[in-house]
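Below are the chains, spelled out letter by letter.
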Amino acid sequence: MNDATPSEAGQTVRLEVARTSPDGADTGRRDVFDVPYDDRTSVLDALQWVKDHADPTLTFRWSCKMAVCGSCGVMVNGRPVLGCETFVRGYRTSGLVVEPLAHAEVLRDLVVDTDTFLGKLAAVQPWLVPDGATRLPLVDAPAPVAGAGAVDEAADPLTADGDDALRAHGPASGHRQTPGELAAFRGFAECIDCMLCYAACPQLDVAPDFLGPAVVATARRWDEDSRDAGELDRADVLDTEFGAWPCIQVGACTQVCPKGVDPARALRDAQRVATDTWDARERRRTT
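Below, the structure is looked at part by part. (Residues numbered from 1 in each chain as written. Predicted model: local features only at pLDDT ≥ 70, side-chain atom pairs only at ≥ 80, totals over all residues. Heavy atoms only, no water.)

Attention now goes to the pattern of salt bridges. Overall, the coordinates contain 25 salt bridges when judged by the stated rule. Two residues, Arg19 and Asp31, come together in a salt bridge whose shortest N-O distance is 2.8 Å. A residue pair is termed long-range when its members are at least 10 positions apart, and Arg19 in strand 1 (residues 12–19) and Asp31 in strand 2 (residues 29–36) qualify at twelve residues. Arg19 gets classed as buried once you look at its relative accessible area, which sits at 4%. Relative accessible area serves as the criterion here: at 15%, Asp31 is assigned to the buried category. Among the ionic pairs, Arg285 bridges to Glu282, the shortest N-O distance being 2.4 Å. In this pair, Arg285 and Glu282 both sit in helix 12 (residues 278–286), three residues apart, roughly one turn of the helix. A network of salt bridges, in which partner residues are shared, links Asp233, Asp236, Asp239, Arg281, Glu282, Arg284 and Arg285. (Salt bridge = Lys/Arg side-chain N within 4 Å of Asp/Glu carboxyl O. Helix = DSSP H or I, 4+ residues; strand = E, 2+ residues; numbered from the N terminus. Buried < 20%, exposed > 50% of the residue type's maximum accessible area, 1.4 Å probe, protein only.)

Another point: the sheet that holds strand 3 (residues 73–76). Taken together, five strands build an open sheet; the order of strands is 2-1-5-3-4 and the sheet is mixed. At either margin of the open sheet sits one strand with a lone partner, and together these are strand 2 and strand 4 (79–82). Looking at each pair of strands side by side, their axes are set apart by 35° on average, direction ignored. Relative to strand 5 (residues 96–99), strand 1 runs parallel, the two sharing three bridges. (Pairing = 2+ DSSP bridges. Axes fitted to C-alpha atoms, helices over the stretch in contact; angles between N-to-C directions.)

This part is about unusual backbone geometry. Residues other than glycine seldom take positive phi values, yet Ala67 does so here, at roughly 60°. Its location among the elements puts Ala67 in the loop between helix 2 (43–53) and strand 3. Unlike most non-glycine residues, Asp193 shows phi in positive territory, near 55°. Structurally, Asp193 is set in the loop between helix 5 (179–189) and helix 6 (196–200).

Take a look at the structure:
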């Protein structure tokens, strides 16, 4: 979008923005702007125009402008979207009402707190949990350089005893996966943690402690990974009052996902796994 004023651009759209200050003084305030646009103007572009030309105090998040970082999520006319891939041209008649994402604490204007979400995400161990009985093959430590002085092995992490020192150089070979094994989790791996699914989920109105769609989808991403051995640990987290069970399969999360992830399926699978692994988890707890 160019830097023309509304009168120079020839066409403008009505942009109404919800405002909130850190001290809560502006809660409920709405500011309205006439923003110039063309067919390529995104909601994020429109917000940036307001910041550059009308109100420099307007606060919102963005980073990549390519629907990868997930940081520009907002509510537009009541629907959670990414500002960078939602175009103003679709609202030329109705105008836009831009608000912060639902079901999240608002810090300022369109910026919401992500700490609660990240805390929930950490609870499901969103990383590869290796099988404790499996040890990756490790490369040897580098050979001493010719002519170099004696090396103090206790002080040099490259020659000190223990796998951790060698592991820093990487495995000699990694786990191999078939195309089918990759396909099993790849869909869930597309999640960009944009929190749109949280804004869309009606269950968070009645169960704010619900782990939520993206967290469960991420848990299932690792559970489905053939290299991972953490399914039972994650099932202990998901099989709780606010784990996977608050989901009643409305499916709004899947409908708004900008990357085509299916969190509703992940939640359905997590509920099944929680049931199927109950005996195994009980035996593990009693042994």
